[in-house]
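The primary structure of each chain is shown beneath.
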Amino acid sequence: MTIPNDPGPLPPAHDPPARVDLDRVWVGVAAEVWRRHPGRIERTAARLLRSPGLARALVTTPSLLLPWLISTAVAFGVGALVSIGPGEPLVWLIAPGVAAVGLAFAYGPGTDPAWELSLSCAVPDRIVLLARGLAVFAVNAALGLIASTVSGAAVALTFGWLVPMTAVCALALAVTVTVRSAAVGAGAGVAAWTITVLASQAVSGQDTAAATNVHAYLPYLAVAACCAAIVGYATRPRREF
Amino acid sequence: MNVEMRDTYRSFGRNRAVAGVDLQLGTGVFGLLGPNGAGKTSLLRMLATVLPPTSGEIRLLGQDPRGAAARREIRRRFGYLPQSLGYYPSFTVVEFIEYFALLKEMPSSAVPAAVAAAVERVDLGAKARAKLRTLSGGMLRRVGIAQAIVNNPDLLLLDEPTAGLDPEQRVHFRGLLRSLGVDSTVVVSTHLVEDVGTACSEVALMSAGKIVFRGTPDELTARGEGYGVGDAPLERGYSAVLAEARS
């Protein structure tokens, strides 16, 4: 029997594609739908740090609510004590240490929920810690600067403590990315602050000169800027041979 | 060999968690069985480069993890699911897996597709954009498995991966394990002998920090013939070997 008007086989263009892997197609679609598009800050950080992972750790710091709150509370709590307490505010000299302890407790077993996982990742956990520290202090410094427009006490707090601490964090990060050792970077930051405190004391005779000398504010900002530049240089993309 | 351990010890104070383990593993799914406190998790944490051995030698993926550069390279190529998975409650499933994919230094252009594939492999597509705080324990376990496999690891270390999974998901997961074991070394620490029986090509039983049995699941089953303790043949083998080791 023949079929009248049999059109014959379809031309090749109408053949269904052989062996379409629908799972693969779906994964491609899902990847596009689900993907999180990095914002401008994260893209810039990824370029500067040459590590998308570190950039993500940097920008997601506010998402890690508890560490963020701890560090901010410690920063502004100690700042308030500085403003209220009588006599020489010696607490300014230990404040960077207090804040560093707050940050250390914000990243470790028992406090960072995913610490064990982070520890097993290729991006060193201490560098993630430094990135988070820098994010916390930079944002706190920005908050302090905003508050400075309202209150004179906030000006003292911001420039007497937060800006130096931002510089110390930036220095530690610069050393870390240069020598590829977070421990050396952290040590360099603490050592630099100690030397600054002792040197200021020797020159001026005042114990808290490192934090109260208004002439030091600009150098702190300059150090922070230079260190940021060093981080950018040390992590610049290198040409392939 | 992707895993080589020689005379490896790990102590915590006076407590010796791992006592002279020798282990060489190629591709395949390797089950690590043993009672609580046998040293399974300590062994797995050493393989995950999270816990250094007190003494002995470990080589992973052909490299010595004591060197920082080698350790970093190893960490790019393995996946790890810890016994207790910590997570950031405000992250979504995709954000969490993506975060760890980036920390594993995967090329950022490859991350979205790898994350989507991992999410689909653990059957969490419907929850891809859900916050982790809204997920059940079994779903969180699957998120943990997804972050472990997102980089298509050559070495996959899973500590109690099926804890909290419902029976259907456990069956699904065993199939996933078998497929992963074709090209990779998969080490699974578990209490559940049925996981070992169906998914593992080889099994080791630990007791008091030592490996007291190593062989196929069938060989472990054979050790239990005539032994009365245990409901299933493999359980009887497990119990028989443990009783022998303790005596």
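Counting restarts for each chain, with residues numbered from 1 along the sequence as it is written. All chains are assigned letters beginning with A, and all ligands numbers beginning with 1, in the order in which they are written. Local features in a predicted model are, by the rule used here, given only for residues with pLDDT of at least 70; side-chain atom pairs are given and counted only at 80 or more, and totals for whole chains, interfaces and linings are based on all residues.

(A) Representation of the overall build of chain B in the model. Along chain B, the regular secondary structure elements total nine helices and nine strands. For 247 residues, the compact-globule formula gives about 18 Å, and the C-alpha radius of gyration of chain B, at 18 Å, lands near that figure. Any residue surrounded by 20 or more other C-beta atoms within 10 Å of its C-beta is treated as buried, while 12 or fewer makes it exposed and the intermediate range makes it partly exposed; C-beta atoms here are placed from the backbone. Scored against the burial criterion, the 247 residues of chain B give a buried share of 51%. Long-range contacts, defined as pairs at least 24 residues apart, comprise 63% of the intrachain contacts of chain B with a sequence gap of at least 6. Every helix listed is a DSSP run of H or I at least four residues long, and every strand listed is a run of E at least two residues long, numbered separately from the N terminus. The globule rule is 2.2 Å times the number of residues to the power 0.38, and the radius of gyration it is compared with is taken over C-alpha atoms. Whether two residues are in contact is decided by their C-beta atoms, placed from the backbone, lying within 7 Å.

(B) Up close: the overall build of chain A. When its secondary structure is counted, chain A shows 11 helices and zero strands. Helices and strands in chain A line up, N terminus first, as α-α-α-α-α-α-α-α-α-α-α. Each of the 241 residues in chain A was classed as buried or not, and the buried ones make up 42%. Summarising the internal contacts of chain A: among those between residues at least 6 apart in sequence, 63% fall at separations of at least 24.

(C) Spatial organisation of the environment of A:A135. With respect to the helices and strands, the residue A:A135 is situated in helix α7 (residues 125–148). Sequence spacing of A:A135 and A:L58 is 77 residues, and the spatial spacing of their C-alpha atoms is 6.1 Å.

(D) Structural context of the sheet that holds strand β4 (residues 55–60) of chain B. All names here are of chain B. Pairing between strands is defined by DSSP: at least two bridges between them are needed. Across the sheet, three strands lie side by side as β2-β1-β4; this open sheet has antiparallel pairing. Both outer strands of the open sheet, β2 (15–25) and β4, are each paired with one neighbouring strand and no more. The sheet shows a mean angle of 25° between the axes of neighbouring strands, direction not considered. With five bridges joining them, strand β1 (residues 3–12) and β4 adopt antiparallel strand pairing. For E4, the partnering residue across the bridge sits in β4 and is R59. Helix axes are fitted only over the stretch in contact, all axes being lines through C-alpha atoms; the angle between N-to-C directions runs from 0 to 180 degrees.

(E) Region of the structure containing the interface of chain A and chain B. Taken together, the 25 residues of chain A in the interface contact 32 residues of chain B. When contributions to the side of chain A that touches chain B are tallied by element, the ones reaching two or more residues are α1 (22–34), α3 (52–59) and α6 (115–119) of chain A. Any residue outside Ala, Val, Leu, Ile, Met, Phe, Trp, Tyr, Cys, Pro, Asp, Glu, Lys and Arg is labelled polar, Gly included; the first ten of those are nonpolar and the last four are charged. Looking at side-chain class alone, the side of chain A that touches chain B contains 15 nonpolar, six polar and four charged residues.

(F) Broad picture of the environment of B:T162. All names here are of chain B. Mapped onto the secondary structure, T162 falls in the loop between β6 (155–159) and α6 (167–180). A count of 24 C-beta atoms within 10 Å places T162 in the buried class. Sequence-wise, T162 and A116 are 46 residues apart; in three dimensions their C-alpha atoms are separated by 21 Å. Discounting chain neighbours no more than four positions away, the residues touching T162 are R170, F173, T190, L192 and D195.

(G) Here's a closer look at the sheet that holds β6(B). All names here are of chain B. The six strands are arranged β5-β6-β7-β3-β8-β9 in an open sheet whose pairing can be described as mixed. Here the strands that pair on one side only, and so sit at the sheet edges, are β5 (78–81) and β9 (210–215). Between one strand axis and the next, the sheet turns through 15° on average, direction left out of account. For strand β3 (residues 28–33) and strand β8 (residues 202–207), the ladder comprises four bridges, and the chain directions are parallel. In the strand pairing of β8, L32 is matched with A204. Against the sheet, α6 makes contact with β3, β6 and β7 (185–189), and its axis sits at roughly 145° relative to β7, the strand it touches most.

(H) Region of interest: the environment of B:L132. All names here are of chain B. Note on placement: L132 falls in the loop between α4 (111–121) and α5 (137–149). Taking C-alpha positions, L132 is 8.8 Å from V143, a pair spaced 11 residues apart along the chain. Excluding residues within four positions of it along the chain, L132 makes contact with Y87, Y88, P89, F91, V93, F96, L140 and V143.

(I) Main features of unusual backbone geometry. Residue and element names in this part refer to chain B. We note that T49 has phi near 60°; this positive angle belongs to a residue other than glycine. Mapped onto the elements, T49 comes out in the loop between α1 (40–47) and β4. Despite not being glycine, E160 shows a phi value in the positive range, around 50°. Position of E160 among the secondary structure elements: in the loop between β6 and α6.

(J) Region of the structure containing the nonpolar core. Here, a nonpolar core means buried Ala, Val, Leu, Ile, Met, Phe, Trp, Tyr and Cys residues linked by C-beta atoms lying within 7 Å of one another. One finds B:I97 and B:V115 to be the most contacted residues of the largest nonpolar core, which totals 127 residues. With 14 residues, the single largest contributor to this core is helix α8 (residues 152–179) of chain A. Two domains each put at least three residues into this core: domain 1 (3–215) and domain 2 (220–247) of chain B. In this structure, B:V115 is in contact with A:A31, B:V94, B:I97, B:E98, B:A101 and B:V150, ignoring residues within four places of it in sequence. Each domain span listed reflects an automatic or database assignment of domains.

Treat this as a map of the structure, not an account of what it does.
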